[in-house]
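# Observations on the model geometry
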Amino acid sequence: MMNLMTGLLGLGGHLGGWRHKDAWSDNVMNLDHAIETAQMAERGLFDLLFMADGNAVRQMDKPALFAANSPSDRPAVFEPITLLTAVAQYTKHIGLLCTATTTYDEPYSLARRFASLDHLSKGRACWNIVTTSYPDDSLNFSRTEHMAKDHRYERAIEFIEVAKGLWDSWAEDAFIQDRATGRFLDPTRVRVLNHMGKHFQVKGPLNVARMPQGYPVLFTAGQSEDGRELAAKHADCIFAVTNTKKAGQAFYADLKGRLAKYGRAPDSLRIMPGCAVYVGRTASEAEELYDELQSLIAPELGVPYLSKLCETDMSKYPLDGPMPDLPTSVLGIASFRNTIVEMAKRDKLTVRQTYERILPSMGHVTMKGSVSQVCDEIEDWYTSKACDGFNINTPVMPRSLNDFVELVIPELQRRGLFRKAYEGRTLRERMGLPVPANPYFDKTSLAAE
Ligand SMILES: Cc1cc2nc3c(=O)[nH]c(=O)nc-3n(C[C@H](O)[C@H](O)[C@H](O)COP(=O)(O)O)c2cc1C
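In this text, all values refer to a predicted model and were calculated from it rather than measured experimentally.

So, on to the side chain of Asn 438. In this structure, Asn 438 sits in the loop between α14 (427-431) and α15 (443-448). Looking at Asn 438, the relative accessible area reads 1%, which means it is buried. A polar side-chain atom of Asn 438 sits 3.3 Å from the main-chain carbonyl oxygen of Asp 168.

A few words on the UniProt feature "domain: Luciferase-like" (unreviewed entry) in the chain. Under the present numbering, the feature "domain: Luciferase-like" (unreviewed entry) in UniProt falls on residues 19-294. In the segment residues 19-294, helix accounts for 35% and strand for 14%; the C-alpha atoms at its two ends are 11 Å apart.

Taken together, 18 residues lie near the ligand, and Asp 53, Lys 149, Tyr 153, Gln 223 and Ser 224 sit nearest. At 2.5 Å from an oxygen atom of the ligand is found a side-chain nitrogen or oxygen belonging to Tyr 153. Gln 223 places a polar main-chain atom, nitrogen or oxygen, 2.7 Å from an oxygen atom of the ligand. Coverage of the ligand by the protein amounts to 94% of the 620 Å² it exposes when considered alone. A class-by-class count of the residues in the shell around the ligand yields seven nonpolar, nine polar and two charged.

In this model helix α12 (residues 371-383) runs 18 Å from its N-terminal to its C-terminal C-alpha over 13 residues, within 8% of the 18 Å that 1.5 Å per residue would give. Within α12, the full set of buried residues consists of Val 371, Val 374, Cys 375, Ile 378 and Trp 381. Projected down its long axis, α12 carries its buried residues within an arc of 125°, all on one side. Remark: Lys 385 follows α12 within two positions and exhibits a positive phi of approximately 55°.

The next thing to look at is unusual backbone geometry. Residue Pro 205 is bonded to the preceding Gly 204 through a cis peptide linkage, with omega at -5°. Among the structural elements, Pro 205 can be located in the loop between β6 (201-202) and β7 (217-220). Of note, the bond from Met 397 into Pro 398 is cis; its omega dihedral lies within 30 degrees of zero at 10°. Note on placement: Pro 398 falls in the loop between β11 (389-393) and α13 (399-414). Although it is not a glycine, Leu 45 sits at a positive phi angle of roughly 65°. Here Leu 45 lies in the loop between α1 (31-43) and β2 (48-51). The buried category is assigned to Leu 45, whose relative accessible area is 11%. A positive phi angle, near 65°, is found at Gln 59, a position not held by glycine. Position of Gln 59 relative to the elements: it lies in the loop between β2 and α2 (63-68). Look at Gln 59 and you get buried, because its relative accessible area is 4%.

Counted according to the given criterion, the structure contains 13 aromatic pairs. Ring-pair connections join several aromatic residues into one group, and the members of that group are Phe 114, Trp 127, Phe 159, Trp 167, Phe 200 and Tyr 215. Sitting over the ring of Tyr 290, Lys 368 keeps its end group 4.3 Å from the ring centre. The ring of Tyr 422 has Arg 430 sitting right over it, with the charged end atom 5.9 Å from the ring centre.

On to the nonpolar core, then. Nonpolar side chains tend to gather and get buried jointly when the protein is soluble and globular. Grouped together as the largest cluster of nonpolar side chains are 71 residues, with contacts concentrated most on Leu 4, Phe 46, Phe 114, Trp 127 and Trp 167. Formed by 25 residues, the second largest nonpolar core is a distinct cluster that contains Leu 65, Leu 309, Met 343 and Tyr 355.

For the rest of this paragraph, the subject is the pairing of strand β3 (residues 95-101). For β3, a buried count of seven out of seven residues is recorded, marking the element as mostly surrounded by other parts of the structure. Burial along β3 is two-sided: Gly 95, Leu 97, Thr 99 and Thr 101 facing one way and Leu 96, Cys 98 and Ala 100 facing the other are all buried. Here β2 runs beside β3; their pairing, made up of four bridges, is parallel. Within β3, the position partnered with Leu 48 by the bridge is Gly 95.

The next subject is the UniProt feature "binding site: FMN" (unreviewed entry) in the chain. Taking the UniProt record as the reference, the feature "binding site: FMN" (unreviewed entry) is found at Asp 53, Thr 99, Tyr 153 and Ser 224. Of note, Asp 53 is situated in the loop between β2 and α2. According to the relative accessible area criterion, Asp 53 is buried, its value standing at 18%. The contact partners of Asp 53, leaving out residues within four places of it in the chain, are Arg 58, Arg 74, Val 77, Pro 80 and Thr 99. In this structure, Tyr 153 sits in helix α5 (residues 149-167). Here Tyr 153 falls in the buried class, since its relative accessible area comes to 7%. Residue contacts for Tyr 153: discarding those within four places in its chain leaves Thr 131, Gly 222, Gln 223, Ser 224, Asp 226, Gly 227 and Leu 230.

Okay, the environment of Ala 125 next. Secondary-structure assignment places Ala 125 in strand β4 (residues 125-130). Excluding residues within four positions of it along the chain, Ala 125 makes contact with Leu 96, Phe 114, Leu 117, Asp 118, Gln 213, Pro 216, Val 217 and Leu 427.

This next bit is on the pattern of salt bridges. The tally for this structure, following the rule as stated, stands at 33 salt bridges. Its salt-bridge partner being Glu 161, residue Lys 233 comes within 3.1 Å of it at the nearest N-O pair. Of this pair, Lys 233 sits in helix α6 (residues 225-234) while Glu 161 sits in helix α5; the two residues are 72 residues apart in sequence, bridging distant segments of the chain. For Glu 161, a relative accessible area of 35% translates into the label partly exposed. Taking the shortest distance from any N to any O, the salt bridge between Arg 415 and Glu 411 comes out at 2.7 Å. With a relative accessible area of 15%, Glu 411 lands in the buried category. Connected through shared salt-bridge partners, Glu 225, Arg 228, Glu 229, Asp 254, Arg 258 and Lys 261 make up one network.

The rules behind these values
- Residues numbered from 1 in each chain as written.
- Predicted model: local features only at pLDDT ≥ 70, side-chain atom pairs only at ≥ 80, totals over all residues.
- Heavy atoms only, no water.
- Helix = DSSP H or I, 4+ residues; strand = E, 2+ residues; numbered from the N terminus.
- Buried < 20%, exposed > 50% of the residue type's maximum accessible area, 1.4 Å probe, protein only.
- Polar contact = N/O pair within 3.5 Å; in protein donor to acceptor, adjacent residues only side chain to side chain.
- UniProt positions renumbered as here; feature names shortened; annotations may be inferred.
- Near = heavy atom within 4 Å.
- Areas by Shrake-Rupley, 256 points an atom, 1.4 Å probe, with all protein chains shown as cover.
- Nonpolar A, V, L, I, M, F, W, Y, C, P; charged D, E, K, R; others polar.
- Expected span 1.5 Å × (residues − 1).
- Arc of directions from axis to C-beta.
- Phe/Tyr/Trp six-rings, centres within 6.5 Å; stacked < 30°, edge-to-face > 60°.
- Lys NZ or Arg CZ within 6 Å of the ring centre and 35° of its normal.
- Core = buried A, V, L, I, M, F, W, Y, C linked by side-chain atoms within 4.5 Å.
- Pairing = 2+ DSSP bridges.
- Contact = heavy atoms within 4.5 Å.
- Salt bridge = Lys/Arg side-chain N within 4 Å of Asp/Glu carboxyl O.

Structure (structure tokens):
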């Protein structure tokens, strides 16, 4: 069964989405929109609701883009764990995927927040483990520059290992709460971590009881060699930046092929490319929405948007000249730049044509058309092993998510590709992901020692 997720994109996933007549008009710090999005996605039986994040007001050096409020830059937003803890109280089943950085946070405090979220949501916490894409986030954490990528990944691995160690602090049955004997807890069922590593020294134990899922579902975003190895070792799900089926298949085979050396089954890591969906009751209805949104973006906005995704000032190149070759390595997200440059070269695109092509999907794949056309494409990617599901990008909110739930989900269900009801007690169970044993206390893992 495929997995589906969608983002909390109050502004819509298209740069012009918030200006559309069917879009919400009050998009700043709006809890009601977040709850409505979550409830709509839950009505569609989505696995996960995702919130991307950063720790800075971005793009102030690109005035047109800054003023236009690009949806992936989020100048004024709630902190994800705080927001999704609130949303948890208005939903029952959907997983709550919060972005948090290993580069500018501390394992103890973050492990504690995710454990709290898992308890408060009854087993629905999910962590998007990022190493921070936006270099200037560093300036808000007492640094003068972003940490180098290899250093960030080294720190990320130690961070995750410490967090897991902290989540293993307590046996599930540690809190006996025996009124007769006066023993509230069993001191033999807790473990002090005493971690002394290169980046962190953490004594533990965590002051939160074992969470319902053992560990939150672990999601990663990095696409480089280091990012792929991190996912193969630790993640339950990984985003993919693949905008053709062929690229999707190559990424899928690569990631699944890395799992055996960590003793993991192929299905224990889910591959989730981003996918922007423009669906209509007819193909022309979808086309109309797409054209309306594209017409809202002038070159003064399109070029800085492309510059942002390519991490290069694209205004120095002629608008109707060919897209230039760009170096493959950057401090932030290389995968978007590389996918865009490759696409432009393959399809011989100019700078203008390139930004027009990437606007609708924020650099991911676009699926556009009638219900059957969109479902054919989704089915083709899934059955061709190009993905295990999708992160559905919704161009205009709430219209696009509503259309997906009303039109696309029933057809995916009819084709036997998607669930017809939620099953399982926790997010891990609903997604069919392994439940981590506590290596220090669980009978099964003790017997195996
Ligand atoms: C699809 C996707 C989503 C991401 N989401 C975030 C995010 O919300 N916040 C963030 O700081 N970094 C985010 N990142 C950045 C990654 O954590 C990582 O820093 C970046 O991709 C560079 O690593 P890489 O070269 O291994 O891909 C994202 C990356 C990708 C590809």
